[in-house]
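As a plain string of letters, each chain reads:
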Amino acid sequence: KQIYLSPENNSYISYKIRKNFAVVLEDPVSPGRDEMKRTILEFGKFCYENGLKEIYYRVPVESLDIYSETGKKNFFIGQEGVVDLSKFTLEGGEKKSIRNALHKISEQGYKAHINNPPLKDGLLQKLKSVSDDWLKSMKREELVFSQGIFLESEIKQQPVITVENAEEKIIA
């Protein structure tokens with residue numbers, strides 16, 4: 001990560017350079033709306049002078065108008081899935097395709113398991129192996145800047161849902 005500090009030293013932007021792009025994660029840190037807008041404009045000038053194109057990633061929807069005011073365009077990449085499990089049900093016609101998919105997976109011997117913290121060291125090793133295999137198959141490294149990192153000390157204290165095959169090997 002690199003830090004761009006505003007000339008007034010009251011705001012900053014955390015970014016990472018990939019090829020000729022300065023990828024900024026979320027909003028600039030600033031004391032207010034005006035300072036944030038000014039910092040975005042200043043950072044844009046900094047990037048231009050250094051042959052970089054700026055990209056703001058994971059911008060909160062509440063800030064989009066500020067980016068629009070600075071001439072930035074936006075497009076929707078994805079969204080966070082939040083489900084109230086106390087009210088969730090698979091009943092009804094709209095959930096039929098999910099029920100069918102779950103039935104097919106179950107017939108193939110796959111089962112989901114909820115693993116509550118603290119997780120055992122053996123389970124953590126299996127999870128690390130699954131993570132490493134996925135990274136290798138995708139020919140990539142962990143996306144530490146935007147997604148975090150596999151930290152056993154953190155994961156050990158979190159509930160983890162695993163998918164296991166008929167031989168009880170964790171596959172996801």
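All figures in this text were calculated on a predicted structure; none of them were measured in a lab. (Residues numbered from 1 in each chain as written. Predicted model: local features only at pLDDT ≥ 70, side-chain atom pairs only at ≥ 80, totals over all residues. Heavy atoms only, no water.)

The side chains of a regular strand alternate between both faces of the sheet. Taken together, the 4 bridges between strand S1 (residues 2-5) and strand S2 (residues 12-18) define a ladder with antiparallel strand orientation. Across the sheet, the residue bridging to Ile3 is Ser14, located in S2. The hairpin formed by S1 and S2 contains 6 residues between the paired strands, and Asn9 there has a positive phi angle of roughly 60 degrees. Where S2 meets strand S3 (residues 21-25), 4 bridges bridge the pair, whose relative direction is antiparallel. Bridging across to S3, Arg18 finds its partner in Phe21. Counted between consecutive antiparallel strands, the loop separating S2 from S3 contains 2 residues, among which Lys19 sits at a positive phi close to 55 degrees. (Pairing = 2+ DSSP bridges. Helix = DSSP H or I, 4+ residues; strand = E, 2+ residues; numbered from the N terminus.)

Before going further, it helps to spend a moment on the sheet that holds S3. Across the sheet, which stays open at both edges, the 4 strands sit in the order S1-S2-S3-S4 with mixed pairing between neighbours. Bordering the open sheet on either side are S1 and strand S4 (53-57), each of which pairs with just one other strand. Adjacent strand axes in the sheet meet at a mean angle of 35 degrees, parallel and antiparallel pairs treated alike. In the packing of helix H1 (residues 33-49) onto the sheet, contacts are made with S1, S2, S3 and S4, and the angle to S4 comes to roughly 140 degrees. (Axes fitted to C-alpha atoms, helices over the stretch in contact; angles between N-to-C directions. Contact = heavy atoms within 4.5 Å.)

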